Every structure is written in C-alpha cells, then in structure tokens.
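The residues making up each chain are set out below.
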Amino acid sequence: MSHPSVQRPDSPINGPDRLRSRRSRVSVILSRPLLALSLNTVLIVTLSGCSASGGTERVIRGSERAIGGSERVIALTNESWTVQIDPDSLEVSAQPAGRSTVRISAPQEGLGPIAGLKQSNDEASWELEQHKMRVSFRLDGNCLSAHFVTTQPGTFTWPVTTGDSPVRAYVLPLFEGSYVPADDAEWVEFLGWQSPGNTTETLSMPFWGLDCTDYTVAYILTNQFNNELVFEDRGGRLGIRLTHEFMPSWETKEYGVTIRLGEASPIEPARQYREWLMEQGQFVSMADKIEQTPGAERILGAAHIYLWGDDLISRYDVLDWQRLPKTLVDQGKSSQPSPGKRIWDLMSSETHKELAEAASLKRPYRYLQDQLTRALSGVLARRDFYMEAAWRGIQLPAEAQQLLRQGMPNLNEPQVLRLNSLLLEAAFPGAFAPSSRWGNGISLKMMEKFAETGFDRLWLGMASWQGALRRPQAVRRAKELGYLIGTYDSYHSIHHPDQVDSWETAQFSLEAYETGAIIRLDGEPRTGFNGKGRKFSPIAAWPYVQERVTGLMETFSEPLDSWFIDCDAYGEIYDDYSELHPATQLDDMNARLHRMAWIRDTYGLVIGGEGGVAYAAPTIHFAHGMMTPVFGWMDPDLRKNRESEYFLGRAWPPDAPQRQVKQVPLKPRFRKHYYDPQFRLPLYQTVFHDSVVATHHWGFTSLKFKDQVDTVALLELLYNVPPMYHMNLEEFEKHGATMKAHYEFFSPLHRELGLLPLTDFEWLTPDRMVQRTVFGERVEMVANFADEDFRHGGTLVPPRSILARWLDSGETKVFTPPPPR
C-alpha cells in the first residue's frame, strides 16, 4: 500500500458540508497540528511501523518445517525472531532468539484452498480463494505485519490467541489498564461475561499484549472499526478471538494486525503502541495542545471538581428564616399588590402549604428550607415576575432601574435573573444576603472557600449550563482565581419535545427527532440513553451543535473557558443506515471529533470528553472515565435496591445527588477487576500521560467508595493523574481537609511531570503490592499498597503510602493518605 496522503485540518475535505455526503474518502479530524488522513490509505495501513525491506520473491512449491501437522509452512526469519506461518490454517507461531516459542494465532478450519503462494526473504502472500481475499505477512525487525484485503463484504477471524505457555498473562487496555493472568478463572469468567465487545469501546486503545515472562508480544490493530472482540475460556485459560466485518460501504475492504516483539515489562505493549502512533503521526503532545489552546496549561496540577447546587438562591442565603415565611404568607393572602403577593401567586399550592408550615416554626428544618428556596429560584427565573404595582413604593437599586428601562423583552436570560434577584432583595431588606453572593456549589462563597483552603488550580464542572447563566459572578471569580470552569454537554440522545422526564441536552426539535436518529441495519432507530428517545446521528446533529454552543457562549454574561462533551470520546460509534445521513463507523467518529475540535478552536476552550479512548486523544485535553470507568449497570444492588449497603444512591436532591456524593462500600465482586492494584496497569498513562489528563468517571470519583479511598489516592499519585470530587458547601466542609492534603502532594508534581511521558513501571515485590513508576527519567513514584513497611533506596515507605523521589537530586517526599471521614 502507498503511504497515507495527508490533508491539513483546514482543507475543504474536513468541512462540515463534506460530513453529509462522503463515502469513498473521509477525513479524520483529530487536532492541529496532527494531519488528517484519508480513509483509503490510513487507519488500515498494516505495513506502517514495519518498513519495507528488500528481498528476492520466490514461489513456494515444497514444504518447510511443519507446525500443527501442516505440510506447508512458511518461515520468516531475522536476527530478532523466527516466525512460522501455516497458510492453510493461518496458524502462526514465533520464537524470539534464544527464547521459548509463543503461538501468535491458533489454527482455523474451513478456510478453503489457497493459491498464488509467494515468499521473499521477509514476506509472504497468497490468496484464500473462497473468501476472495489476499493475505500477506511481512517481517521487519521486531515487527510482524498481517494484512487482509478482500473484494466482498463478510466477516473474517484472525488472530485467535489461546493463552498457552509461555503466556503468563494478558496486558489489556481495559479502561486505564489491566494485568490478567492467563489462567485466572475469575478473570476468564468476568471477561467472558462481557463478550462480545469491540475495539473502539471495550478497549480504550486498539491493542493488547502477551506477557511471556522474559519478553512480550503486542497486537496492534491498524483498523479499529467493525471488529468483534471475544474473550473465551479455552480449557481454563483466557483466549481472545478477533473477527473483522468487511462492510459494503467501505470502498477498500481491508484490515490488519501489527505484532511487535518487546522487552519483559508489563507496560511494554503500551510503549510499542505509543511508538506506533508516533510513526503514524497520530500522537499529539499536551505541549502542542497548550500552544494551540493556551488555557490548557491550567489543567496541569488541577484537581477536578463537579459543582452541585446551581439554583439561583440557596438555604444559605436566607438570613431571616423566622420572619420571611410569615411575611410571604401574610402578603400572599392579602388582596393588596405586593412583592410577597406576587411571589405567592406564582407558587404552587403545595409550596403554599410548605410556606405555611415554615411560618409556624421558629426555624424551618433543612428539607423545608431547601424546598422553599428551590421554589423561590423557580419563581425568580420567570420573565413575568415583575409587576409594577407590586413594587410600587419600593426603592430599587440603580442596576435594577436600568434593566427595567431596557424592557423585559430585550433582556437575555442572565439579565432577567439578575433583575429578579435585585427586585427580591430590595423587597425584603435584611432577609437575604447580597444577591451577588447567592448560591451553593456554584457561588462566590464556594470559590472563596476553595481559595482560602489553598487550591490555586482546579477544573470546575457544572452538570448544566444553567449554573453559568445564573451565577456569572461565580464564573468570573473562578477564572480570576486561575481555575478552569466549564459545563457538561451532550449530543448522544435526542428526545421527542413531549418526552416525559427529558433532560436539557436531549432537547432539539421535532424535525431533528424525526429525521436525525442513527438507523440500524433493520431500519429501526437506535434507542437513546437509559431507554429514552433515540441516539442522535453526529452528522445530523452538527447544525444543532453550532446553534447551541454559539447561543450559549453569546448569552453567558461571563463566558466559560472549558467544555465537557459526554460520550463522544467513549468509543461508542455506529454504522448508520439512514438514507438522510448514512455513515460508516469512521464517518461517525470523524463527525464527533469534528464538533469537539470546532468547540475547542472556535472559542479557545479546554475540551474534555467521557472516556478518552485512543481515537479522541489527539483532540481532547482531558478525559473523565479512564482511571475508573462506569460499571455495575446491571447490578441491582448498585442501581435499584435502595436497601442494599452498596446502593449508589438516587439522582436527588439536585444540590447534592446521592449518586454522586453518597459514600458507600464497594461491592466485593467489583474490587478485583476495577480497584485491586495487583491487577492494575498504567497502560493509558504509558501512551498518553503527556497528551491527555485523564481521571475518573463522575459516577465513581475519588471518595465514592469509602473502603477504597486510600487505594484510589495511591493509584492517582502513582500514575500522576488528578483526583475528582463532587462538591457543594456542605460536602466541602466534610472533605476539604482530605482534599487539601492530597492536593498539596499531587499538584506540584503534576505541574512538573504533566508534560513528561510515563517511561517505566515495575513491581518491586512478588505479590505486586509495591509498585514503581518513572516519569521522563526525572521522578520515580513508589506506592506501597501493602500493610507492611517497605524500604526503597534507603527511604522508608510506610504501609498504604507513596514515595516521590527526584532522580537527579535524590530529594524525597512521602505521603500517606489521611483516613477517610
């Protein structure tokens, strides 16, 4: 194959108009300065990473040393290793020089006759006649490339790994990374239960590896699309079967696997994949991203915090709970116009009862306070809140008078909210704190508490853009303090305008709902998240992305400097059989990357996404869900059984959803596969530490599982990734000291190391409970997950603690996470 042609990201092929009508040539929109690549020559380039070498071609007529009893075997040999290939069964074995032989792929039956078998010194090729397929293998240094090209749609399976000796374990990029002993029955069952998967979502990066004790083998998939990945039990050992589907919509039907021999390190397959990415021009460093988006520099050293409590007014903002409810009830029942009467008329009958109850108490209890301020926030959001007669005789501040002169129809949403807040404050002198300070998690009060505690770099996220509309003062103060602040956004699902219990990110238009769904092969639309609505085609969604983001950025009184897009970086991509917006998986991916890049570049925003899988890494600055992914969707104890101690919690109350802030123990069945450090590997960090800042999914943050808090903290520090929290004023009172202790150790290190690669990882004890990482040959981190002391280089590392040591100076720092509250 020829080398990939290249297009600049501003080339016409990358424009949104081309997203709607391409088939044979589709650009890969990743990131500047990364070059975009055309479909027909990239992502499926199997020979990339294994340079072509010379040799005399010959036709194979006889047989060579047999494998698996075959009479016809091809041997490719160089100084690094010898590879034997049975063209009839596609069984492949390899023997590194001076080491044991490993089976690369098991034999398969029923492949049919072969023809046109040819071999040179370092490559071989032949035809599988019944598949109308050309198969080729090439050996170059430590790299063996397998390439499959056909002219017809269908499926084809290769490789089939069996986990036979000398394979000790699999190195799998499941979220951050997993070390899976080949004969571990619990892992075999767990992975089998998750099968079949694919290679864009199941794997965070399209490769896997074999640990063969004194060497490793990496399998790198050069076409990550339309692959089925099956984990299977092969006589008590884990096996992997990859099946590629050649799609009718792809002009060139091909896929390949690059197999690389590596040294004996559990992260070596990830290092090989990183090297391969760089060879393909598909790696973009954080340093280059910062040059393009200077604000991204502030994500180095930042803890990640989602803020809760975006109502316009909170219980903290009412200074006189004794008199205010009584005043509202008295004015509300009067026939004379007044501010209290206006508020009463706009409230529901249920709120009237709550106000009456509050008026009868010396101080309303907390639930009642929250209910009343929530209702009051709803009233303050109304454009018809102000009535001239109700406020006659009340002295209004100059700002309110100016807004009234502009006319309510001419005010945007933040101006309406500001006016109504000033009107309420003027109507009840002394009853409220200054309106500029109102709010809970999204408030000046919260920003000041962060600053007073010593946080000088934070990424702050809001679950809704309403917080930015309601509290521009808080957004402005966050930016003044050096924090990044952004909103959650999503274009994953689209709901009918009349959908019950819809959410704001899924509301677009009736036309979009009727025409914009991703269509399955059977002609039915794909169902949206949580069984509601439909999945929204990223191609059909494009004009709505522009409309929403532009509208919000122009409306915000204080623009945000970050944006989080759910799902687009998760690996969930589809073939779309719609006649209106047909798409391959590659088209789907390109459209998602295009919109993230557009948001980033148009407004200079620091962009993040859920997951952060490999294809999105060149585009995004940060990822939520790589360190700890979402899990347990089907487990009733986590999701439905409210009596279970493991129940994650309800999505209520709005200012502190239990699902986010409630601390629970981790259900034991999930510990091994998601939290046990003996089975964790920093694979994503090995590849992308100096490219993407990755942390937890917002459902499984640093403090969520109270029996895993110290383990999570040690893993974060060992991998040099930020913590994630959910905060409002009350939660910060609980956890602020714990957060500060972690931040003081983490933040300076991440600022120093965030632009450096993770260059080494090793276990320092046979039980794998003491682990070491190295960043850029500058700093080593040694985490002791065990319950006994460990001494490293003359420094004592206490149980459940971590050591940072600077390799040039020998300076050391030790941190022990404080016990969870």
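Above this text sits the structure in question.
The present account deals with the structure reproduced in this document. It should be emphasised that the depicted structure is a prediction, and the values quoted were computed from it without experimental measurement. (Residues numbered from 1 in each chain as written. Predicted model: local features only at pLDDT ≥ 70, side-chain atom pairs only at ≥ 80, totals over all residues. Heavy atoms only, no water.)

## Brief notes about the overall build of the chain
In step 1: Secondary structure assignment for the chain yields 21 helices and 36 strands.
In step 2: For the chain, the C-alpha atoms occupy an extent of roughly 105 × 65 × 50 Å along the three principal directions.
In step 3: Counting the 821 residues in the chain, one finds 62% classified as buried.
In step 4: Considering only contacts in the chain between residues 6 or more positions apart, those separated by 24 or more positions represent 67%.
In step 5: Summing over all exposed atoms, the chain offers an accessible surface of approximately 30,600 Å²; the carbon and sulfur share of this is 48%.
In step 6: Here the chain contributes 85 positively and 103 negatively charged side chains, and the mean placements of these two sets differ by 5 Å. (Helix = DSSP H or I, 4+ residues; strand = E, 2+ residues; numbered from the N terminus. Buried < 20%, exposed > 50% of the residue type's maximum accessible area, 1.4 Å probe, protein only. Contact = heavy atoms within 4.5 Å. Areas by Shrake-Rupley, 256 points an atom, 1.4 Å probe, with all protein chains shown as cover. Lys, Arg positive; Asp, Glu negative; His and termini not counted. Charge placed at Lys NZ, Arg CZ, Asp CG, Glu CD.)

## Digging into the pattern of salt bridges
In step 1: Following the criterion strictly, the structure yields 56 salt bridges and no others.
In step 2: Among the salt bridges present, the one from Arg-800 reaches Asp-710, with a minimum N-O distance of 3.1 Å. Of this pair, Arg-800 sits in the loop between β34 (795-797) and β35 (801-806) while Asp-710 sits in helix α20 (residues 709-719); the two residues are 90 residues apart in sequence, bridging distant segments of the chain.
In step 3: For the salt bridge of Glu-780 with Arg-805, the shortest nitrogen-to-oxygen distance reads 2.5 Å. A residue pair is termed long-range when its members are at least 10 positions apart, and Glu-780 in strand β32 (residues 779-784) and Arg-805 in strand β35 qualify at 25 residues.
In step 4: The class of Arg-805 is partly exposed, set by a relative accessible area of 23%.
In step 5: Connected through shared salt-bridge partners, Glu-263, Glu-268, Arg-271, Asp-760, Glu-762, Arg-772, Glu-780 and Arg-805 make up one network. (Salt bridge = Lys/Arg side-chain N within 4 Å of Asp/Glu carboxyl O.)

## Looking at helix α7 (residues 366-380)
In step 1: Compared with the 21 Å implied by 1.5 Å per residue over 15 residues, the 21 Å span of α7 between its first and last C-alpha is a close match.
In step 2: Burial runs high along α7: 12 of the 15 residues are buried.
In step 3: Looking at the buried side of α7, the elements it contacts are α5 (339-346), α6 (349-359) and α9 (413-427). (Expected span 1.5 Å × (residues − 1).)

## Some points on the environment of Thr-701
In step 1: Relative to the assigned elements, Thr-701 resides in the loop between β28 (693-695) and α20.
In step 2: Here the alpha-carbon distance between Thr-701 and Pro-757, two residues 56 residues apart in the chain, equals 24 Å.
In step 3: Not counting the four nearest positions on each side in its chain, Thr-701 is found in contact with Gln-660, His-696, Met-724 and His-726.

## Focus: the sheet that holds strand β36 (residues 812-815)
In step 1: Pairing in this open sheet of 5 strands is antiparallel, and the strands run β30-β31-β32-β35-β36 from one edge to the other. This sheet does not close on itself; its edge strands, each paired only once, are β30 (758-763) and β36. For this sheet the average axis-to-axis angle between neighbouring strands, irrespective of direction, equals 15°.
In step 2: Against the sheet, α20 touches β31 (770-775), β32, β35 and β36, its axis set at about 35° to β31. (Pairing = 2+ DSSP bridges. Axes fitted to C-alpha atoms, helices over the stretch in contact; angles between N-to-C directions.)

## Concerning the nonpolar core
In step 1: Counting 112 residues, the largest nonpolar core has Phe-450, Leu-460 and Trp-563 as the members making the most contacts within it.
In step 2: Every residue in contact with Phe-450, bar those within four places of it in the chain, is listed here: Ile-305, Leu-307, Phe-455, Leu-458, Leu-460, Tyr-483, Met-727 and Phe-732.
In step 3: In this structure, Leu-117, Ile-240, Phe-246 and Val-664 belong to the second largest nonpolar core, which totals 68 residues. (Core = buried A, V, L, I, M, F, W, Y, C linked by side-chain atoms within 4.5 Å.)

## Here's the deal with the sheet that holds strand β12 (residues 154-161)
In step 1: With respect to topology, 3 strands assemble into an open sheet ordered β12-β18-β17, the strand pairing being antiparallel. Of all strands in the sheet, those bounded by a partner on one side alone are β12 and β17 (227-234). Each adjacent strand pair in this sheet contributes to an overall mean axis angle of 25°, direction not counted.
In step 2: As paired elements, β17 and strand β18 (residues 237-246) share 8 bridges and run antiparallel to each other.

## Let's talk about helix α21 (residues 729-753)
In step 1: Between the first and last C-alpha of α21 there are merely 31 Å, a value that for 25 residues lags more than 12% behind the 36 Å anticipated at 1.5 Å per step.
In step 2: His-735 marks the point of greatest bend in α21, at about 60°.
In step 3: The opening residue of α21, the one whose side-chain oxygen lies 3.1 Å from the backbone nitrogen of Glu-730, is Asn-728. (Bend = angle between axes of the 7 residues up to and from the residue. Polar contact = N/O pair within 3.5 Å; in protein donor to acceptor, adjacent residues only side chain to side chain.)

## A look at the packing of aromatic side chains
In step 1: Under the defined criterion, the tally for this structure stands at 51 aromatic pairs.
In step 2: Judged by centre distance (5.5 Å) and plane angle (45°), the rings of Phe-148 and Phe-156 are tilted.
In step 3: Classification of Phe-148 as buried rests on a relative accessible area of 0%.
In step 4: A relative accessible area of 3% places Phe-156 in the buried class.
In step 5: Residues Phe-508 and Tyr-544 carry aromatic rings whose centres are separated by 5.8 Å and whose planes lie at 75° to one another, so their mutual orientation is edge-to-face. Taken together, the residues Phe-508 in the loop between β23 (493-494) and α13 (510-515) and Tyr-544 in helix α14 (residues 538-555) connect sequence positions 36 residues apart.
In step 6: Its relative accessible area of 18% is what places Tyr-544 among the buried residues.
In step 7: Taken together through their ring pairs, the aromatic side chains of Phe-175, Trp-187, Phe-190, Phe-631, Phe-670, Tyr-674, Tyr-675, Phe-679, Phe-700 and Phe-705 make up a single cluster. (Phe/Tyr/Trp six-rings, centres within 6.5 Å; stacked < 30°, edge-to-face > 60°.)

## Section: a negative patch on the surface
In step 1: Taken together, the side chains of Asp-767, Asp-787, Glu-788 and Asp-789 present a region of like negative charge at the surface.
In step 2: Mapping Asp-767 onto the fold places it in the loop between β30 and β31. (Patch = residues over 30% accessible without salt bridge, like charges linked within 9 Å, V, L, I, M, F, W, Y side chains within 5 Å.)

## With respect to the pairing of strand β4 (residues 74-77)
In step 1: Of the two faces of β4, only one is covered, namely that formed by Ile-74 and Leu-76; the face formed by Ala-75 and Thr-77 stays uncovered.
In step 2: With 4 bridges joining them, β4 and strand β5 (residues 81-86) adopt antiparallel strand pairing. Pairing of Ala-75 across the sheet is with Gln-84, part of β5.

## Observations concerning the pairing of strand β21 (residues 458-462)
In step 1: Among the 5 residues of β21, 5 are classified as buried, and the element is accordingly described as predominantly covered.
In step 2: One ladder, built from 5 bridges, connects strand β20 (residues 303-307) with β21; its direction is parallel. Residue Ala-303 lies in a different strand from β21, and its bridge partner there is Leu-458.
In step 3: Pairing of β21 with strand β22 (residues 484-489), which is carried by 4 bridges, proceeds in the parallel orientation. Paired with Leu-460 across the strands is Ile-485, a residue of β22.

## Observations concerning the environment of Arg-168
In step 1: Here Arg-168 shows up in the loop between β12 and β13 (169-172).
In step 2: Considering only alpha carbons, one finds Arg-168 and Gly-461, 293 residues apart in sequence, at a separation of 42 Å.
In step 3: With residues near it in sequence (within four places) discarded, Arg-168 still touches Tyr-179, Pro-181, Ala-182, Asp-211, Cys-212 and Thr-213.

## Structural notes on unusual backbone geometry
In step 1: At the junction of Ser-165 and Pro-166, the peptide bond is cis and its omega measures out at 15° in the coordinates.
In step 2: Residue placement: Pro-166 occurs in the loop between β12 and β13.
In step 3: Residues other than glycine seldom take positive phi values, yet Phe-175 does so here, at roughly 45°.
In step 4: One can find Phe-175 in the loop between β13 and β14 (178-181).
In step 5: The exposure class assigned to Phe-175 is buried, which follows from its relative accessible area of 11%.
In step 6: A positive phi angle is found at Glu-777, which is not glycine, with a value near 55°.
In step 7: With respect to the element layout, Glu-777 can be found in the loop between β31 and β32.
In step 8: Among the residues examined, Glu-777 registers a relative accessible area of 56% and is labelled exposed.

## Some thoughts on a nonpolar patch on the surface
In step 1: On the surface, a cluster of nonpolar side chains totalling about 540 Å² of accessible area is made up of Trp-193, Phe-529, Trp-633 and Met-634.
In step 2: Following the sequence through the fold, Met-634 ends up in the loop between β27 (622-624) and α16 (636-639).

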